[in-house]
Amino acid sequence: PMEGILQTFLKPIYATKSKNKSAAVYNDDVIEEINTVKEQLRNVQNRFDLYTDFDLTESCIYEMEALEARYRYLIKKAKNQNVNHLQFETLIQN
């Protein structure tokens, strides 16, 4: 409920920003999301290495597959948004 009110209030404010600044913010959001997915992948891989129970190991495998699919999607999205070359290289290195 409160989120809807805030979004309704802030939407006109964000709409007044210039297109270039808006695109930069949007690119930053994609970069932040990619970094979040990479961190989640590292966490799942660490859990996978520690688990000995078959069911927990299997759940990690499914979670890794889902995160890897999300990562591929976000990389494509970043490419389509023409994310800065240096930013993009930093994203895919780790």
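In what follows, the structure referred to is the one given above.
Bear in mind that the values here come from a model prediction, so they are computed numbers and not experimental data.

Conventions adopted
Residues numbered from 1 in each chain as written. Predicted model: local features only at pLDDT ≥ 70, side-chain atom pairs only at ≥ 80, totals over all residues. Heavy atoms only, no water. Helix = DSSP H or I, 4+ residues; strand = E, 2+ residues; numbered from the N terminus. Buried < 20%, exposed > 50% of the residue type's maximum accessible area, 1.4 Å probe, protein only. Contact = heavy atoms within 4.5 Å. Core = buried A, V, L, I, M, F, W, Y, C linked by side-chain atoms within 4.5 Å.

### A look at the side chain of T57
Along the chain, T57 falls in helix α3 (residues 54-80). Note on T57: relative accessible area 18%, which makes it buried. Excluding anything up to four places from it in sequence, T57 contacts F48, Y51 and T52.

### Some points on the nonpolar core
Counting 14 residues, the largest nonpolar core has I34, V37, V44, L67, Y71 and A78 as its most contacted members. For this core, the secondary structure elements donating two or more residues are α2 (19-50) and α3. Top element by residues in this core is α3. It accounts for seven residues. Here L67 is in contact with V37, Q40, L41 and V44, once residues within four sequence places are set aside.

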